[in-house]
Amino acid sequence: MSHVLIIAEHDGSQLNSATAKTINCAAGIDNTELHVLVLGSGCDAIAQQAAEIAGVAKVLVADRNENAVPLAAVLAPQIAEIAAAYDYVFGPSTTFGKDLMPAVAALLDVEQVSDIMEVTGPRSFKRPVYAGNAILNAEVAEGTKVVATVRTASYKAGPTGNSAHIEAISSTAALPSHTRYVELQSEAAERPDLQTAKLVISGGRGVGSKENFDIVYKLADKLGAGVGASRAAVDAGYVSNDMQVGQTGKIIAPDLYMAFGISGAIQHLTGIKDAGTIVAINNDPEAAIFEIADIGLVGDLFEIIPELEQKL
Amino acid sequence: MKTIMVCLKRVVDYNVRIRVKPDGSGVVTDGVKMSINPFDEIALEEALRIKERGEAEDVVVVSIGPADIQQQLRTGLAMGADRAVLIECNEDISSLTAAKVLLKCAEKEAPDLIVLGKQAIDDDCNQTGQMLATLWGRPQATFASKLELSGNVAKVTREVDAGLEVIEVDLPAVITTDLRLNEPRYVKLPDIMKAKKKQLESVAIADFGVELSSKVTAGNWETPASRAKGIMVNDVDALLAALKEKDLV
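Quick caveat: nothing in here was measured; it's all calculated off a predicted structure.

Draft legend 1. Highlighting the side chain of T19 of chain A. Its location among the elements puts T19 of chain A in helix α1 (residues 17-26). When near neighbours in sequence (up to four residues on either side) are disregarded, T19 of chain A contacts A8 and E9 of chain A.

Draft legend 2. Inspection of empty space enclosed by the protein at higher detail. On inspection of all chains with the given rule, the structure shows 2 cavities of 30 Å³ or more. Approximately 100 Å³ is the volume attributed to the largest cavity. Taken together, Y130, A131, N133, Q247, I266 and Q267 of chain A together with V12, D13, Y14, V16, I18 and I121 of chain B form the lining of the largest cavity. When grouped by side-chain class, the residues that make up the lining of the largest cavity number 8 nonpolar, 3 polar and 1 charged. The residues that make up the lining of the largest cavity include at least three from each of domain 1 (2-168) and domain 2 (199-311) of chain A. Approximately 60 Å³ is the volume attributed to the second largest cavity.

Draft legend 3. The arrangement of helix α3 (residues 95-109) of chain B in detail. With 15 residues, α3 of chain B should cover 21 Å at 1.5 Å per step; its first-to-last C-alpha distance of 20 Å lies within 8% of that length. Counting buried residues along α3 of chain B, 11 of its 15 residues qualify, which places the element largely inside the surrounding structure. For α3 of chain B, the set of buried residues is S95, L96, T97, A98, A99, V101, L102, L103, C105, A106 and E109 of chain B. Those residues of α3 of chain B hidden inside the fold are in contact with α4 (95-108) of chain A together with β1 (3-7), β4 (58-65), β5 (83-88), β6 (113-117) and α4 (128-136) of chain B. Just beyond α3 of chain B, the residue with positive phi is A110 of chain B, at close to 45°.

Conventions used here
- Residues numbered from 1 in each chain as written.
- Chains lettered and ligands numbered in written order.
- Predicted model: local features only at pLDDT ≥ 70, side-chain atom pairs only at ≥ 80, totals over all residues.
- Heavy atoms only, no water.
- Helix = DSSP H or I, 4+ residues; strand = E, 2+ residues; numbered from the N terminus.
- Contact = heavy atoms within 4.5 Å.
- 1 Å grid on protein atoms, 1.4 Å probe; cavity = no way out; pocket = protein on both sides within 12 Å on 5 of 7 lines; lining within 4 Å.
- Points joined across faces, edges and corners; volume = space filled by probe spheres on them.
- Nonpolar A, V, L, I, M, F, W, Y, C, P; charged D, E, K, R; others polar.
- Domains from an automatic or database assignment.
- Expected span 1.5 Å × (residues − 1).
- Buried < 20%, exposed > 50% of the residue type's maximum accessible area, 1.4 Å probe, protein only.

On their own, these measurements won't tell you what the molecule is for.
Below you can see the structure in the form of C-alpha cells.
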C-alpha cells in the first residue's frame, strides 16, 4: 500500500475544483491510500468539502494564521515535513500548484513531474511538452518519492458523498518572513469559472477593442458561458490576464468552446485541445484555428455574434 | 544593487513546428532553429531596464548546455548584458539539477536578484526558479508581470488564475517572468559587434560537483492524438443546426 498526499487548493472559503481533479488522477495509481492536506486559517469548512470527495481516506488540516494566504515559501516547509511519511505528493497544475510544488520537491531533494495527463503505471506518467506538441512518458525510479502536478484539464472531478476522517496536524517547520502577501486584484467573478464552465466563449485580436468585447460577454451571458481570450486580446488590454487560455494561461476542457476572431497560435490551441467541441469563427479562411475546429464558419464576428444571440 | 543574474536556456525556436522522432526517442532538433527561451529573454530585458534606470551595476547571463549555447549568450550580451557564464554540459539535466548548478553560480556571483523565465517552452516544466529560490533559502516571486524595486524590497505583481496577486519579497530574491512583464528589445548590428568583445567565461559543469543523473527519466515520446477533421458551415443557421445535433445548445 502506497500513500498519496494531495495538496488542496482553496480561496479561504471554497475548495477549488482542481483539488477533486487531482484526487481523481491520484486514484488512478493502483493500491494507494489518498490523504488530502488542507493548509489554511479557519478552514474547517474546506476540510469538510475535501472529506466529501470519493476516494479520500483522510483529510489533514494544518490550521494556522500564517496559512491564511497561499505563499509557497510559507506552505512548502510544512508540506515537506508532512510529506516525509508519503510515497507520492500531488498538487494541481494551477498557478497555485505550479508556484508551490517545485519548492516542496526542492526541500525533499527530488525531481518533479509536471502536468500529469495520464497515469500509465505506478511510476510512469504521460505529460505534455513543447506546448502539447509532444507527449513524454516520464518514469520515476523506484525508491524515490514522486512529487508531481496534475494537468487538471485531463481529469474530471470525481463524485462526492464520502465522509473521510478529518484530523488536525501541526508542523514544527520554521517559516520565513521574507515573503509578504499584499493583495489579490481580481475582476468581479460574475460569470462561470473558466476551468469548470461547460461552455466557454472566447475572443481574440479580431474582437478589436475592450468595448467590442461587450458583444462576446452578451452572448456568453445568454448561454451561461464562461469567457476566455487569446494572449493577443490580453496583451492588447481588451480583457484581464485571468481570462487567457493557452500554454501559459489556462488549460481548459469545456464541452463547447467557441472562438471568435482567434487565429489559433499553437500556444492557444494547446489550451483547448481537450474541449469536447471546438467552434471557430474567423474572417480569415486560412486561420490555423480551423485546422483543429470541429465546426468552422468563415465570416465577420460582428455580424455572426448578434445573429447567434438572436437565434439562440 | 550590484549584480543581477539572469538565467538563459537555449530552446527550439517557438516558431518551429515540433516533430517527434519516428523511434520515439525525442523530438527532431537537427538543423532546427534554436533561440533563447522567450520567457528568459523577458527576464534579461527586465534586468537591463533595472540597470538602465541606475538601480543595478552589473548584469550577468548564465546558461547551461553544450558549447553551442554560446550563440544565445552572445545574443544576451548584444542585448546589453555585461558578461556571460557558459556552463558546459552535454547531457540532459533535470530542473532540480539545473537549480543546484545555478545555486553554486549564485553563491559565487552573490546577486541581489536572479531573474529567469517562469518556464522553458521545450519541457514546459515550470520548476527551476522555484527550486533555485528554495535551495538558496531566498524568496521566490513567480509569474511576474510587474516588478518594482525600493531599497531592499521588491514588490511583484504575479499573474495567477484568480487575477493579479501582489507580494513583497526581501532581496536577494528569485523572480520568474510572465509574458506581460515587458517586450524585449531587438538586437542591433553594432551591438552584436560590441558583444564579441564582452567577457564570456566557460566552466565545465563537472567543476560544480553536482550529481547530474536524474531519478525521473524520459521514456517513450509520442505525437499527441490529433482531433478528428471538422466541418465547415456556411452560415449561422447551419452552425446552430450542427450544435443542436450534438445537443450543445
